[in-house]
Amino acid sequence: MATFILGKDAKIYQGTAGGELTALTEMSNVRDVKLNLEAGEADVTTRANGGWKATAATLRECSCEFDMIWKPGDTAFEAIRDAFLAGGQLELAALDGDKATAGTQGLKGTFSITGFSRNEPLEEAITVSVTAKLTVFDEWVEVSGT
């Protein structure tokens, strides 16, 4: 039994902003995905801390970066493109497996598309590099068994 999950088995889903996980559609035209989760820091050092600096986590932030094949006519590609061009939002769920599989987990929320950069390498397919930034955190998905 494997003690790891391969990136090829992860899934990313999209749909209408605020949509339920069950209503989201898999984006099969996506290549590498990077989910960035970070927190700001506050210095909470006091004299009573024995000469050690103390830090507390503050506001968290999330961005999701991924590449897609440039594929007009693909529903997911067009949803991402249109959200970028209109300054709109959409729902994304970046999960480590299928949304219907027990044990799958990941972040789900409403995102704004802040980057949509076309890449045209000479000997490769045209791709688009997408940056999505979280605007509304919905949940950390943990699919339970049925």
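Note that the structure is predicted; figures quoted are calculated from it, not measured.

J.: Help me understand a nonpolar patch on the surface in this model?
T.: On the surface, L37, F137 and W140 cluster together to form a nonpolar patch covering roughly 320 Å² of accessible area. Among the secondary structure elements, L37 is positioned in strand β3 (residues 30-43).

J.: What is the right way to read the layout of surface pockets from this model?
T.: To locate leftover empty space, one rolls a probe as large as a water molecule over the atoms. Size it by volume and the largest pocket reaches roughly 330 Å³. For the largest pocket, the lining is made up of 19 residues, of which G7, A10, K11, I12 and V33 are closest to its centre. Looking at the lining of the largest pocket, its residues break down into 9 nonpolar, 4 polar and 6 charged. Within this model, the second largest pocket holds a volume of roughly 250 Å³. Lining of the second largest pocket is provided by L37, E38, R60, E61, C62, L107, L134, F137 and W140. Among the elements of the structure, β3, β4 (55-69) and β7 (127-142) are those that each provide at least two residues to the lining of the second largest pocket. For the lining of the second largest pocket, the per-class residue count stands at 6 nonpolar, no polar and 3 charged.

J.: In this structure, what is going on with the environment of A94? I would like to understand it.
T.: Within the secondary structure layout, A94 lies in strand β5 (residues 89-95). Spatially, the C-alpha atom of A94 lies 6.6 Å from that of Y13, the residues being 81 residues apart in sequence. Filtering out sequence-adjacent residues up to four positions away, A94 remains in contact with K11, I12, L35, Q105, G106 and L107.

Calculation criteria
- Residues numbered from 1 in each chain as written.
- Predicted model: local features only at pLDDT ≥ 70, side-chain atom pairs only at ≥ 80, totals over all residues.
- Heavy atoms only, no water.
- Patch = residues over 30% accessible without salt bridge, like charges linked within 9 Å, V, L, I, M, F, W, Y side chains within 5 Å.
- Areas by Shrake-Rupley, 256 points an atom, 1.4 Å probe, with all protein chains shown as cover.
- Salt bridge = Lys/Arg side-chain N within 4 Å of Asp/Glu carboxyl O.
- Helix = DSSP H or I, 4+ residues; strand = E, 2+ residues; numbered from the N terminus.
- 1 Å grid on protein atoms, 1.4 Å probe; cavity = no way out; pocket = protein on both sides within 12 Å on 5 of 7 lines; lining within 4 Å.
- Points joined across faces, edges and corners; volume = space filled by probe spheres on them.
- Nonpolar A, V, L, I, M, F, W, Y, C, P; charged D, E, K, R; others polar.
- Contact = heavy atoms within 4.5 Å.

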